[in-house]
Amino acid sequence: MVVYARSVSPFFIGFTKKDYMTENNIHEKIVELRKSGLSHNQIAKEVGRTKSTVQGHIEREESKLGKKISVDPLLLKKNDIPGHKVVKNTISVDENGNIVHQWARLIPGVEELEKWISAMEERAKKVDPPKLISTTKSNDLLLEFPIADLHLGQLSWGKETGSDYDCTIARKLLVNGFRSIIEETPVVGKIVISTLGDFYHADNKEGVTERSGNVLDTDSRFQKRVDEGIKALLECIEMAAKKAKEVDIIIVSGNHDMHSAVWLSRVVAAYYRKSPQIKVNVEPTPRQYLVHGKVLLVYNHGHDIKSNKMASIIAAERPKLWGSSVFRYARMAHIHQRKVEEFPGLVVETIPTIVAQDAYAADHGFLSSRALVSYIWHKEYGLRSKIERCPAELLK
């Protein structure tokens, strides 16, 4: 006699009676959950079936009803979470106005937030703060102090131009501004002080520009203007020498001081001729260069060359400096306003001036903001910070 044994599907292995649900029970449960607003995925997890099985039951019920299963507002899931409250409940409906989905927005209550904050505070107490150790050495940093269009010797009457200006005011603005800046500056290895042209307002006793013959409003005697300019620049250099191991001086000529810039650089160079700490650049070139690691700074007044020509001129004039540098910046002045332009391989920055408007500028509405600026450079990583001072702060 042959005995046949009925095989047991592995699907039923491990199932208890409690776990087992009849097909009708499953169908009713799925329909009920759908009416409560649950999605197909949520229902599948709830009843332990696949999404496709759930979808089949829903389609069968909707086929029997002749319409989609609508969500019963009375059965909508509350989405209650302890310590939270529903602040918004969004419901979508089908073309017949039947509710299809709901989305609840919850926020934690005050007590829950306080618990969360307290827990974060306790966790923070157990964490040791990181030890911040700066790897920057003083020799890595350079303080750049560009003096743009000081026009020392200019005379402005405040009632006419908006601000008074003369030799005394110009010297006070420059010296107080530089003192304020170096007091805020960290320890640096080098300081460069550069005059970007028009350090002096007039190049002769007559107070007339050489190129165009414009008559200038000048303060006092020519000799006094010369002396005040030298004293102001030397005061800044002395302060720089107390701050840094190396001090570089760059004096560029402008359209107002084509001759004065030449003799000023020679006077300062002669004054510090025995100082190994202070170096004065007396090269008779229209553009002057300073290298600080990967940083290349180029100085030019800007009255003869447009900013968009500077990149090609620098690359042709100093190809080795161009090739070995990463951060290339050209400093220009002349137009008495700030401007930053970026060209391939070079940023050209027009430095603002601290000078007050003269009668000509006031008449023509040239009313740009006034400022003294300085920059801190890292020899490997370029620009670190910029410091700025306004006239009101320096004339207190």
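This report concerns the structure included in the present document.

Calculation criteria
In every chain, residue numbers begin from 1 and rise along the written sequence. The predicted origin of the model limits local features to residues at a pLDDT of at least 70 and limits the giving and counting of side-chain atom pairs to 80 or more, whereas totals for whole chains, interfaces and linings rest on all residues. Neither water nor hydrogens contribute to the side-chain values; these are computed over all heavy atoms in the structure. The numbering of helices and of strands both runs from the N terminus, where a helix is a DSSP run of H or I of at least 4 residues and a strand a run of E of at least 2. Contacts between residues were defined by any pair of non-hydrogen atoms, one from each residue, lying within 4.5 Å. Pairing between strands is defined by DSSP: at least two bridges between them are needed. Orientation is described by lines fitted to C-alpha atoms, with helices fitted over the stretch in contact, and by angles between N-to-C directions that extend from 0 to 180 degrees. Orientation labels follow simple angle bins: below 35 degrees gives roughly parallel, above 145 gives roughly antiparallel, 65 to 115 gives roughly perpendicular, and whatever is left gives oblique. Residues are sorted three ways: Asp, Glu, Lys and Arg are charged, Ala, Val, Leu, Ile, Met, Phe, Trp, Tyr, Cys and Pro are nonpolar, and all the rest, Gly among them, are polar. In this scheme the crossing of two helices becomes right-handed for a clockwise turn of the near helix relative to the far one and left-handed for an anticlockwise turn of less than a right angle. Aromatic rings from Phe, Tyr and Trp, with only the six-membered ring used for Trp, were paired whenever their centres fell within 6.5 Å, and each pair was classed as stacked if the ring planes differed by under 30 degrees, edge-to-face if by over 60, and tilted otherwise. Only protein chains enter the area calculation, which uses a 1.4 Å probe; residues under 20% of their type maximum are buried, those over 50% are exposed, and those in between are partly exposed. The term nonpolar core refers to a set of buried residues drawn from Ala, Val, Leu, Ile, Met, Phe, Trp, Tyr and Cys, joined through side-chain atoms within 4.5 Å. Orient the strands so they point away from the viewer, and a crossover whose first-strand-to-second-strand path over the helix runs clockwise is right-handed.

1. Some words on the overall build of the protein chain
Across its full length, the protein chain holds 12 helices and 13 strands. Intrachain contacts of the protein chain at a sequence separation of at least 6 include 66% that bridge at least 24 residues.

2. Here we look at the sheet that holds strand 10 (residues 339-343)
With mixed pairing, five strands are arranged side by side in an open sheet as 7-8-9-11-10. Of all the strands in the sheet, just strand 7 (288-292) and strand 10 have a single pairing partner and so form its edges. Mean inter-strand twist for the sheet, computed between neighbouring axes without regard to direction, equals 20°. Summarising the sheet, strand 10 and strand 11 (residues 346-350) pair through five bridges and their orientation is antiparallel. Bridge pairing links E341 to V348 in strand 11. Across the sheet, helix 9 (residues 310-317) lies against strand 7, strand 8 (295-299), strand 9 (327-332) and strand 11, angled at about 120° from strand 11, the strand it touches most.

3. Quick notes on the packing of helix 6 (residues 167-184) against helix 7 (residues 222-243)
As a packed pair, helix 6 and helix 7 sit with axes 10 Å apart at the nearest point and diverge in direction by 5°. Between helix 6 and helix 7, the angle is such that the two are roughly parallel. Residues C167, R171, L174, V175, F178, R179 and I182 of helix 6 lie in contact with helix 7, whose contacting residues are R225, E228, K231, A232, E235, C236, M239, A240 and K243. Across the contact of helix 6 with helix 7, the residue classes tally to nine nonpolar, no polar and seven charged.

4. Concerning the packing of helix 7 against helix 8 (residues 260-271)
Following both chains from N to C, one finds helix 7 and helix 8 inclined at 50°, their axes separated by 11 Å at the closest point. If you check the angle between helix 7 and helix 8, you find them oblique. When the axes of helix 7 and helix 8 are compared, the crossing they make is right-handed. Along its contact with helix 7, which presents V226, I230, L233, L234, I237 and E238, the element helix 8 presents W263, L264, V267, V268 and Y271. Of the residues in the contact of helix 7 with helix 8, the class split is 10 nonpolar, no polar and one charged.

5. Let's talk about the sheet that holds strand 5 (residues 246-252)
Strand order in the open sheet made by the six strands is 6-5-4-3-12-13, with mixed pairing throughout. Edge positions in the open sheet fall to strand 6 (278-281) and strand 13 (382-389), since each of these has one partner strand only. Looking at each pair of strands side by side, their axes are set apart by 20° on average, direction ignored. Sheet topology note: the strand 12 (residues 372-378)/strand 13 ladder contains seven bridges and is antiparallel. Note on strand 13: the bridge partner recorded for I376 is S385. Each of strand 5 and strand 6 is contacted by helix 8, which is oriented at about 160° to strand 5, the strand it contacts most.

6. Here's the deal with the packing of aromatic side chains
What describes a pair of aromatic rings is the distance from one ring centre to the other and the angle between the planes of the rings. This structure, assessed with the given rule, holds seven aromatic pairs. Judged by centre distance (5.5 Å) and plane angle (40°), the rings of Y200 and W263 are tilted. Of the two residues, Y200 is situated in the loop between strand 4 (190-196) and helix 7 and W263 in helix 8; the sequence distance between them amounts to 63 residues. The class for W263 is partly exposed, based on a relative accessible area of 26%. Relative to W377, the ring of Y329 lies with its centre 4.8 Å away and its plane at 65°, an arrangement referred to as edge-to-face. Of this pair, Y329 sits in strand 9 while W377 sits in strand 12, and the two are 48 residues apart along the sequence. On the basis of relative accessible area, Y329 is assigned to the buried category, the value being 18%. The exposure class assigned to W377 is buried, which follows from its relative accessible area of 0%.

7. A short note on the nonpolar core
F178, I193, L233 and I237 are the most contacted members of the largest nonpolar core, which totals 48 residues. Elements supplying a minimum of two residues to this core: strand 3 (141-147), helix 6, strand 4, helix 7, strand 5, helix 8, strand 6 and strand 12. The greatest single-element share of this core, amounting to 10 residues, is contributed by helix 7. For F178, the contacting residues outside a window of four places in its chain are F145, I191, I193, C236, M239 and A240.

8. Overview of the pairing of strand 6
In this structure, strand 5 lies alongside strand 6, joined through four bridges in parallel fashion. Paired with V247 across the bridge in strand 6 is I278. With helix 8 bridging strand 5 and its parallel neighbour strand 6, the resulting β-α-β unit is right-handed.

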